[in-house]
Amino acid sequence: MKRTAIVTGGTRGIGAAISLALKSAGHTVVANYAGNDDAANAFSAETGIAVVKFDVGDYNACVAGLAAAEDKAGAPADILVNNAGITRDGMFHKMTPEQWRDVIRVDLDSLFNMTRPLIDGMRERGWGRIVNISSINGQKGQMGQVNYSTAKAGVIGFTKALAQETARKGITVNCVTPGYINTEMVAAVPEKVLEGIIAGIPVGRLGEAGEIGALVAYLCGEDAGFITGSTLTINGGQYMV
Ligand code: NDP
């Protein structure tokens, strides 16, 4: 069945692949982004996917942005993918309050800001799919990423608690924890360092954004109604939980 889907940070990297996979599955997709107009407009022109700019760290901006997104789609959102995320890395003893706050607001507060305005409609209609993008580093912790690991572990807790609250309403809530994915961010890592990273991945390569997209699209489908509260690891065997 054709649904309306909103993907945060859906114009670049993993989010763009998720937007495309949901579109291929037949859904009407609206992709959110923060400020890179050139990338967003190029993505929209290339794919035909509508884009809406707003900051997922700001509750009021999300309420207004979601209304604009649903307006563009012409229907209320039944699928929400909370993908937008940032890093502000640094060792904890050097981490500034800004580094901490920026990551918590974009990577964790955003889940409240985006999901809270949509949840009533999903409950009323008796159907919904919420997929949250966490990270391998939210499961195992990562040196230099106390802020990011905290936020991404919080995403898992959010998923499990909300899944319990909404299960009887036909709404599933799951999270996906990618390992190292072949995005611009990872491509910028020096070759020697990257070789070391790949050596630690049993599958012997980086993941592809399209592989995350395919998993998310499955979780958002009609067939996935019995999967909820799950944390799906997709990391080439790098960390097995
Ligand atoms: P990118 O940096 O490639 O893209 C991030 C996207 O999020 C962009 O569309 C960006 O918009 C948007 N964004 C950033 N901040 C905000 C904000 N405040 N409000 C709205 N949109 C925002 O990210 P990746 O594709 O690498 O990562 C996507 C998700 O996957 C993140 O949650 C990340 O933590 C997670 N992840 C990534 C891994 C990887 O290997 N890349 C591994 C594990 C998890 P704009 O274009 O305007 O800047």
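In this report, we go over the structure that sits alongside the text. Keep in mind that this is a model prediction, so the values were computed, not measured.

Another aspect to go through is a nonpolar patch on the surface. Together, Tyr59, Val63 and Phe112 line one region of the surface with nonpolar side chains, adding up to about 260 Å² of accessible area. For Tyr59, the position within the fold is in helix H3 (residues 59-73).

Turning to its location among the elements, Gly170 is positioned in the loop between helix H6 (146-166) and strand S6 (171-178). With 46 residues separating them in the primary sequence, Gly170 and Glu124 have C-alpha atoms 10.0 Å apart. Setting aside its immediate chain neighbours within four residues, Gly170 contacts Gly126, Trp127, Gly128 and Arg129.

Right, let's get into the pattern of salt bridges. In this structure the tally under the stated criterion is ten salt bridges. Note that Asp55 is salt-bridged to Arg105, the shortest N-O span being 2.7 Å. Of the two residues, Asp55 sits in the loop between strand S3 (50-53) and H3 while Arg105 sits in helix H4 (residues 97-125), which places them 50 residues apart along the sequence. Assessed through its relative accessible area of 26%, Arg105 is described here as partly exposed. The closest approach of N and O atoms between Asp120 and Arg116, which form a salt bridge, is 3.7 Å. You can see Asp120 and its partner Arg116 sitting in helix H4, four residues apart, about one turn around the helix.

With that settled, consider helix H2 (residues 37-47). Within the sequence span of H2, burial applies to Ala40, Phe43, Ser44 and Thr47. Buried positions in H2, seen along its axis, are confined to an arc of 95 degrees and lie on one side of it. For H2, the exposed residues lying more than 90 degrees away from the buried face are Asp38, Ala45 and Glu46. At its buried positions, H2 is contacted by helix H1 (13-24), strand S2 (28-33) and S3.

Glancing now at the environment of Lys152. Secondary-structure assignment places Lys152 in helix H6. Residues Lys152 and Thr177, spaced 25 residues apart in sequence, show a C-alpha to C-alpha distance of 8.7 Å. A distance of 2.9 Å separates a polar side-chain atom of Lys152 from the backbone oxygen of Ile133.

Here the focus is the side chain of Thr47. Tracing the sequence through the fold places Thr47 in helix H2. Polar side-chain contacts of Thr47 include one of 2.7 Å to the backbone oxygen of Phe43. At a separation of 3.1 Å, a polar atom in the side chain of Thr47 contacts the main-chain amide nitrogen of Ile49. Setting aside chain neighbours within four positions, we find Thr47 in contact with Leu20 and Lys23.

A few words on the site of the ligand. Taken together, 29 residues form the shell around the ligand, and within it Arg12, Gly35, Asn36, Asn83 and Tyr148 come nearest. Val56 has a polar backbone atom sitting 3.0 Å from a nitrogen atom of the ligand. In the model, an oxygen atom of the ligand is placed 2.6 Å from a nitrogen or oxygen of the Asn83 main chain. Within the complex, the protein chains bury 90% of what would otherwise be the 910 Å² of accessible surface of the ligand. Among the secondary structure elements, those contributing two or more residues to the shell around the ligand are H1, S2, H6 and helix H7 (184-187).

Right, let's get into the pairing of S2. Of all six residues making up S2, five are buried, and the element is well covered by its neighbours. Relative to S2, strand S1 (residues 4-7) runs parallel, the two being bridged by four bridges. Pairing of Thr4 across the sheet is with Thr28, part of S2. Each parallel crossover has a hand, and for S1 linked through H1 to S2 it is right-handed. With four bridges connecting them, S2 and S3 associate as parallel partners.

Calculation rules
Residues numbered from 1 in each chain as written. Predicted model: local features only at pLDDT ≥ 70, side-chain atom pairs only at ≥ 80, totals over all residues. Heavy atoms only, no water. Patch = residues over 30% accessible without salt bridge, like charges linked within 9 Å, V, L, I, M, F, W, Y side chains within 5 Å. Areas by Shrake-Rupley, 256 points an atom, 1.4 Å probe, with all protein chains shown as cover. Salt bridge = Lys/Arg side-chain N within 4 Å of Asp/Glu carboxyl O. Helix = DSSP H or I, 4+ residues; strand = E, 2+ residues; numbered from the N terminus. Contact = heavy atoms within 4.5 Å. Buried < 20%, exposed > 50% of the residue type's maximum accessible area, 1.4 Å probe, protein only. Arc of directions from axis to C-beta. Polar contact = N/O pair within 3.5 Å; in protein donor to acceptor, adjacent residues only side chain to side chain. Near = heavy atom within 4 Å. Pairing = 2+ DSSP bridges. Right-handed = clockwise from strand over helix to strand, strands pointing away.

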